[in-house]
Each structure stands twice: as structure tokens, then as C-alpha cells.
Amino acid sequence: MFRSLLKHSIKSFRKQKGYVFINIIGLTLGIATSLLISLYVLNELSYDKYNEKKDRIHKLILNGKIGGQEVRVTATAAIIGPTIAKDYPEVESFCRMNSLGNTVLRHENLKLDERDFLEADSTFFNIFSIPLVYGDASKVLDEPNECVVSKTTAKKIFGNKNPVGRVLEVGTERTPYTVSGVMQDIPDNTHFDASIVASFMTNERSNDPNWLSNSFHTYLLLRENASAENLEQKLPGMIKKYLGPQLYEFMGITVDEFMEKGNKYSLVLQPLLNIHLDPTIDYLLKPSTDPKYLYIFGGIALLIILIAAINFMNLSTAKASRRAKEIGIKKAGGSTRSILIKQFLVESTIISFVSLLVAIAIVKLSLPYFNDLLDTKMTLGLLSTWYTIPALVLFTIIVGVLAGSYPAFYLSSISPYKVLRSDSVKISGHGKLRSTLVVFQFAASIILIVGTLIMYRQINYLLNKDLGFDKEQLMVMSRVSAIGNRMESFKSRVQNIPGVENISAATAVPGRNNNQNAYRLEGRLDEDLLITTNWVDYDFANTYKLEIIKGRFFDQSYPSDVDACIINQSTVTEYDLKDPLSSVILSPMSSDGLKPLKVIGVVKDFNFEALNSPVDPYIMQVRTNDFNFGYITAKLDPNNIQTTIAEVEKVWNEFTSNEPVDYFFLDEDFAQMLRQEKQSAQLSLIFAVFAIVVASLGLFGLTSYMLQQRTKEIGVRKAMGASVAQVFLLISKSISALVLVSAVIGVPLIYFVSEKWLQNYHYRIQPGLLDFLSGFVIVFIIALTTISYRTIKAASVKPAHSLRYE
């Protein structure tokens, strides 16, 4: 039976090569899009799933609010992990982590700049499923100054030798670490990166008992069958017990009084598998993915595969009149309707399978491009799991049946009596259905086009928004501890380089903030202020071109400025400072208690964080030589910029004994914050093109059908003196009406979706008429271009030939 159906299908394909080819193109693009998006979504959902204890691992999240400012961060106090493990039997173990980022490693004559240096407790390899090549998992990090290197890093430094027992010098201080083990490279689908894991107890703050100093990542491994929810409900009691006395000592109030003021300090447990897909949390070890983009891409994949399936239906029903006689003869010869249905479903499934094979080849070839675009490492592992190939086969059958079901039932219903009287047949009612399907296709295309235009406009708006400072040509150097206490000498040397306009040192730069501290106001001691803090030098405002709107900036000619501060407009507004230049802010960063800081200036608000949030309160204090961390920023002349960078590197090498300089440009760093938005816009553009191509194929088929049905009419009109242009206008009217209906359906939908998406941004564009009109015009032009060839060709046929048709 199946062999017979297959034989008839192949015979049918030979008679309809053009029709089969067009359907294969449409389904191939639809399946390829679905495969690519599925690979991306599955890759994002796979984060941390390889961990054997994944269901028992939770990360502590600090939910805080002070002075009206809310924080939701992964930063916790060093003492919290040990305390929870000691007080609550539900906790089997804990692990604290601290990322040191870029670090210089030395071994003998080799010097290496390593990007992912992580400190972790000795329980790291017990909690996380990272196999060791050399070393005992229970002992490798149980002593200070021990480290485990990844297999790749070990090969770069030690070759193929066992490095256990060898010594590495780490950082500018050349702290010695003994290699105690070698681990397999940490999988890419992990929510943190690490090429070296060093013992956490080496950190001088590992035993810090201060509950108010939150700097580290804390993970808990719960016991089998322990309830995370029950444990979480007990944590407020722990906070009151241990944080309470320190809070009272620092602020003079109890935890209850602190909460009654509208403040908040709570700890929640976040399951390991939720970490990568939660963009609401700050201070992550690795950028997270916003789940809304997975839904967006999933919706795009569904739209395009539906467009491809509808395209198949449209072309199949449009070919009905050409296949009518074949169907009539088969029915007259004894073929039942069920046999014909099976034949058509076999045909559509064969086309679907051929499309799948071509789509797999396209995906395989295009994966390097998409990996580069999405900054990921997707692979098409057809044999990686037992269910991959069966899932693809099932998906292909579903697509084939979905695409072929309606044509199968429709074509098999044709009456043999009618069709055997003519070479072709007209069946009423189905022209409207084909038009409806084309409307759906182009409505989906308009949605994708307008959505992509709005995404690009929003990204372009954010990239070009006035940030309140000049971000162009700012070369930012990190790892400034290498300069030591020679900062002023280094700045002076770099300032004299031709091409360097200005230079400044600070503990933070816009986009890379590292301090948020609690303050109080003189005369309003019952209030708490949570303000992002930066210790800057006297050249910071000139380097970043900040605008002073009240008072002045720090000046070396005023020695008292070391006890002063500069605040931004948001601080004035948020805390209702009536006369900011008469205000004194009290800082807790002093061994003598609260240190008074006289406000001497107010700067215009500038965006020091990501652009999806408003500008929060910000305070600047004078950076002294005690601050041996942060960044150095050089403002460069745009001319001969590479030469200037090379000169800066020479001075750096001279001051640091050839330490590698690690730098970035601030404008590029800000653009990187929009990485996910840019990726989404580029993907949407690619898939919008796919959707338009597939929809155009459907329109091409519909046009062919319309021209076929109106051949005699065109002949009569030509005989009566109609020009080619008039005939083209006649056909294009019908198509224009379909595109107009598509716009009426698609525009309200994409308006609603785009409004929802734009609500994620504090600074956002307002979608205008031009955005929606552009989508309509693009689809309209593509539609007319698609039908022009077939229409002009049909209109150019001599009337005598057209009148002999049928």
C-alpha cells in the first residue's frame, strides 16, 4: 500500500516540479527557522541542568530597601553561609564565591592574562558537578593559597604535565598559589565562568563577621527532601537574631523599627535553574537572559512555520483545477476518498522530509554565524541524545500533515462527473479561503517588520541618547592596583602624551558601579539614604564633561574638599533637599563614627547605570591614595587614536613592570549593555525576511491561480483594447485589498505587543504612524513586485491564445 502511494507521489512530483520546488523552499525556511530558534531556546533553558544536585542547590538573594531605594542582588555577607549551615539542619552545605575578574598569572618566565578568576569555598566541587582531572574534590581548596586550574588553562601554562604542586603568582601583588588540582573546563551553559578556582579562605574578608557588608555570592545545598520554602520562612528570625545587634550599633534602631520606616532586609532562596533566566537581579556572575525574548522568538518560530504551512495549503488548493482530471480518473477507476487523502498526505509529508534535510544543512552551515551573533555555542547534535532524531521525525510528520491535511480533504472531495467533462474545474468558495490565508501570511509579515523597525528605533535611541556625560573616546583602564601609590605621577605622564586630552582616576565609572552605601542627613538622623558612591579625583568632571548646575566641583586649592561631596539632581529630588548647598551628608565610612560631608556641588543627572532604569541618587567623594582600586579614564583625541593607545600602553608598562594593560572604551561598554536587544533586533530582521519570502511564495501561487481562472476575461479585455498596464492594475487591485486587510489586522496587534515591550525601558520611544505605515508600504511593494512578473506575462499573451483557453 505504502509503496504504491510513494510511487504515485513521485510520479505526481515529476508533473509539478515548479509547485514542489516552491513548497520545498517555503517549508525549508519555516523548518530552518524553527530549528534555529529551538536550538537557542533549548540552549538557554539548559543552563546548570547538568548539575547532579541541581534540585537541591539554591542561591541566596538579598532583597533590600533603604531610603526609598530598592535592591535585589546576589551580594551577601561572608558570615551568612556559615551561620545558616550551623543553625538550620535543612542545610547540608554552603559555598561562597567571589569573582576577581581579570587577573595576571605568572609561572617562571610565562605571564598570562586570565579573565575568570574565582574564589570559592572548599565545598565547591561537592556542590557543583565539575569533574576533576587531578586532585581530591574534598581537599583541593581546604587550605589558604590553593587553586584549581581548568584543563585548558593548565595546558596553556604547564603543557601536558601534571601541574599539581606547582606554584602560580597571582595578581600585581604576585600572591603565591599552589595548584592543588585540575578541573574539566566549566561548561558554557553554566551561570558563572571560571578558569581558575582559588580557596575562598585566602580572602582576608572570608571570616568577616559584619552582617551589613554584603559582597559575596552564597549558595546552599539542601538535604534530600528539605523544603526551601520552609527554610526561607525561618530566615527573618536569623536576621533579627544576628543582624539586629549590629544594626542597632550602627543606626541606633532595632530591626522592627528599621522595617517600620518602610525599609526592607530579607533573604530569599533562588533555585539554581532559575538563576540564568532572572534579569531582575543585579551583581550576577554572568549576564542573564530575559525570558521574554525566548517567548518572542518562540512566537516568531510559530508564525513562520504557520506561514509556511499555509503557503503549502494555498499552493495545493490553487493547483486543484490542474489536478482535477487526475483525481476524477482515479475516482472513476475505483480509488476511494480515503486512498486519495492518504496519497496527498504522503506527498506533503515527503515534501516536509525533503525540506527537513535541506533545513538541517542550512542550520549546520549557518550555526557559526548565529553563535557569533548570539554570543553562544549552540551545536546541532543530532546524535547527542536518543530522542533528537525521533523528535525531528515527529515534528516533520506534524508539519507535513498540518500543511497537507486541508488540501487532502479538499482535493479528494472533487466530483469525477464534473471534472471529466473538462480539462480543469472551478470549485466555488475556496478562492475566499486562499485569500484569507494570504491575509494571515502578510499580517504576520507586517507584525514582524513593524516589530523589527520599532526594536531598531529603540536601540538606536538608547545608543544615541544624551547620557549627561561625554562617552566618546574614553579609554578606561582597569586593574589600577598595579600603579600603586604612583597614581599622580602616572596621570601626569599620560596627560603629556599628544592625543590625550584629559585623564582621571575613580573607584567606579558609568556602567561599572561597585559601591552603594547608606548615609544620613544632618538634622534628619531618623532617615536613611541609600546612594551609589564613587570616589573620584579632581579631574573627573572635566574628563567626563559633567555639568555642574549648582556650586562647584572638587578643587585641589580647597584642602577641605576631602571632607566634602558632590551629589546629583536625583539625590536632591529623592530626599527633598530644599537647599542642597547647605546640606551635610553623614557617611558611615569612618572609624570615628559618622563622617560629615559638606555638599559643595550638584551635577546634572547622568546615566551611570543601564538605560532601562531611571537615574538614582549618586554621590562623589574625593579619592585619596588609600583607594588602590577602580579605574583610570583617559579622554583621547579621535585623530591617530591607535598611536595614542600605544603610547599610553608604553607608560603603563613602565609604571607596572610590563603588567598587561586591560582597557575598554566606554561607548562600546554601554553598547554592550544593549547586547540582548541588538541580538533580538537582528534575529527579528532575519526572520522577518524569511517570513516575507515564504509569504511571497504563497502570493505567487495565488496570483497564478487568479490569472488561470481569469484567462478568458483577460483575453476579452485585451481584445476590447485594454493595455498591459490596465490588466496589471485590475489584478493588483485584488492584491492591494488583501494587503490592506492584512494591515488592518496586523497593525493593532503589533501596536499592543510593542507597547508591552517598550514598558521594560524607562527611556523609550513612542511608536508613531510612520513605523506602522512603513511596514504596510514594505509589504505592499513586495506584494506588487511578487505579482508583477506573472501578471505582466499573462497580460502580454495575445487575445486569440487567451480566448482559446479551456
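Scroll up to find the structure this text is about.
Note that the coordinates shown come from a computational prediction; the quantities given were computed from them, not determined experimentally.

### Brief notes about the overall build of the protein chain
Then, number 1: The helix and strand inventory of the protein chain stands at 23 helices and 22 strands.
Then, number 2: Of all 806 residues assigned to the protein chain, the portion counted as buried reaches 51%.
Then, number 3: Intrachain contacts of the protein chain at a sequence separation of at least 6 include 79% that bridge at least 24 residues.
Then, number 4: Accessible surface computed for the protein chain: about 36,400 Å², of which carbon and sulfur atoms make up 56%.

### Brief notes about the pairing of strand β10 (residues 217-222)
Then, number 1: With six of six residues buried, β10 lies mostly within the body of the structure.
Then, number 2: A two-sided burial pattern is seen for β10, the buried positions comprising H217, Y219 and L221 on one face and T218, L220 and L222 on the other.
Then, number 3: The sheet contact formed by strand β1 (residues 57-66) and β10 spans three bridges and is antiparallel. Residue pairing across strands places K59 opposite Y219, the latter belonging to β10.
Then, number 4: Two elements, strand β3 (residues 91-107) and β10, share six bridges in a ladder whose sense is antiparallel.

### Quick look at the packing of helix α3 (residues 80-87) against helix α6 (residues 228-251)
Then, number 1: The interhelical angle for the contact between α3 and α6, taken along N-to-C directions, is 115°, at an axis separation of 12 Å. The chirality of how α3 crosses α6 is right-handed. Across from T83, I84, K86 and D87 in α3, the residues of α6 making contact are L235, M238, K241 and Y242.

### Focus: the packing of aromatic side chains
Centre-to-centre distance and the angle between the planes together describe a pair of aromatic rings.
Then, number 1: Applying the stated criterion across every chain, the model contains 26 aromatic pairs.
Then, number 2: When the ring of F128 is compared with that of Y219, the centres are 5.3 Å apart and the planes differ by 85°; the resulting orientation is edge-to-face. Taken together, the residues F128 in the loop between α4 (124-127) and β5 (132-134) and Y219 in strand β10 connect sequence positions 91 residues apart.
Then, number 3: Within the aromatic cluster, the residues linked to one another by ring pairs are F469, F540, Y544, F606, F608, Y618 and F670.
Then, number 4: Positioned above the aromatic ring of Y763, the side-chain terminus of K465 is 4.3 Å from the ring centre.

### Looking at unusual backbone geometry
Then, number 1: Even without a glycine there, the phi angle at Q473 is positive, about 55°.
Then, number 2: Within the secondary structure, Q473 is located in the loop between α13 (430-464) and β12 (474-477).
Then, number 3: Unusually for a residue other than glycine, N640 sits at a positive phi of about 55°.
Then, number 4: With respect to the helices, strands and loops of the structure, N640 is situated in the loop between β21 (631-636) and α17 (641-656).

### Considerations on the side chain of N607
Then, number 1: Take N607: it is sitting in the loop between β19 (595-603) and β20 (618-622).
Then, number 2: Note on N607: relative accessible area 4%, which makes it buried.
Then, number 3: There is a polar contact of 2.9 Å between the side chain of N607 and the side chain of K465.
Then, number 4: Among residues more than four places away in sequence, those in contact with N607 are K465, D466, L467, F469, P510, V615, F670 and Y763.

### A closer look at the nonpolar core
Then, number 1: Y544, F554, M620 and L666 are the most contacted members of the largest nonpolar core, which has 104 residues in total.
Then, number 2: Residue contributions to this core peak at 13 residues, all from α13.
Then, number 3: Excluding anything up to four places from it in sequence, M620 contacts N534, V536, F540, L546, F553, F554, A564, C565, I566 and V603.
Then, number 4: With 30 residues, the next largest nonpolar core counts I84, L231, L247 and L530 among its residues.

### Describing the pattern of salt bridges
Then, number 1: By the definition in use, this model includes 30 salt bridges.
Then, number 2: Note that K86 is salt-bridged to D87, the shortest N-O span being 2.9 Å.
Then, number 3: For K86, a relative accessible area of 59% puts it in the exposed group.
Then, number 4: The network of salt bridges with shared partners includes E488, K491, D537 and D539.

### Structural notes on a nonpolar patch on the surface
Then, number 1: A cluster of nonpolar side chains, namely L383, I389, V393, I397 and V401, defines an oily patch on the protein surface of about 410 Å² accessible area.
Then, number 2: Exposure remark for V401: the relative accessible area of 34% places this residue in the partly exposed category.

### Observations concerning the pairing of β19
Then, number 1: The pairing of strand β16 (residues 548-551) with β19 spans three bridges and is antiparallel. Bridge pairing in β19 places G551 opposite G601.
Then, number 2: In terms of strand pairing, strand β17 (residues 564-568) meets β19 through five bridges, oriented parallel. Bridging from a neighbouring strand, N568 pairs with V603 of β19.
Then, number 3: As judged from the four bridges shared by strand β18 (residues 584-587) and β19, these two strands associate in the antiparallel manner. Each residue of the ladder has a partner; that of V584, found in β19, is K598.

### Digging into empty space enclosed by the protein
Then, number 1: Counted by the stated rule, this structure contains eight cavities of 30 Å³ or more.
Then, number 2: As a volume, the second largest cavity reaches approximately 60 Å³.
Then, number 3: Lining the second largest cavity are F250, M251, A518, Y519, R520, D528, L586, P588 and L594.
Then, number 4: Taken together, the elements giving at least two residues each to the lining of the second largest cavity come down to α6 and β14 (516-521).
Then, number 5: Per-element tally for the lining of the second largest cavity: the top contributor is β14, with three residues.
Then, number 6: Of the residues contributing to the lining of the second largest cavity, the split by class is seven nonpolar, no polar and two charged.

Parameters and conventions
Residues numbered from 1 in each chain as written. Predicted model: local features only at pLDDT ≥ 70, side-chain atom pairs only at ≥ 80, totals over all residues. Heavy atoms only, no water. Helix = DSSP H or I, 4+ residues; strand = E, 2+ residues; numbered from the N terminus. Buried < 20%, exposed > 50% of the residue type's maximum accessible area, 1.4 Å probe, protein only. Contact = heavy atoms within 4.5 Å. Areas by Shrake-Rupley, 256 points an atom, 1.4 Å probe, with all protein chains shown as cover. Pairing = 2+ DSSP bridges. Axes fitted to C-alpha atoms, helices over the stretch in contact; angles between N-to-C directions. Left-handed = near helix turned anticlockwise from the far one by under 90°. Phe/Tyr/Trp six-rings, centres within 6.5 Å; stacked < 30°, edge-to-face > 60°. Lys NZ or Arg CZ within 6 Å of the ring centre and 35° of its normal. Polar contact = N/O pair within 3.5 Å; in protein donor to acceptor, adjacent residues only side chain to side chain. Core = buried A, V, L, I, M, F, W, Y, C linked by side-chain atoms within 4.5 Å. Salt bridge = Lys/Arg side-chain N within 4 Å of Asp/Glu carboxyl O. Patch = residues over 30% accessible without salt bridge, like charges linked within 9 Å, V, L, I, M, F, W, Y side chains within 5 Å. 1 Å grid on protein atoms, 1.4 Å probe; cavity = no way out; pocket = protein on both sides within 12 Å on 5 of 7 lines; lining within 4 Å. Points joined across faces, edges and corners; volume = space filled by probe spheres on them. Nonpolar A, V, L, I, M, F, W, Y, C, P; charged D, E, K, R; others polar.

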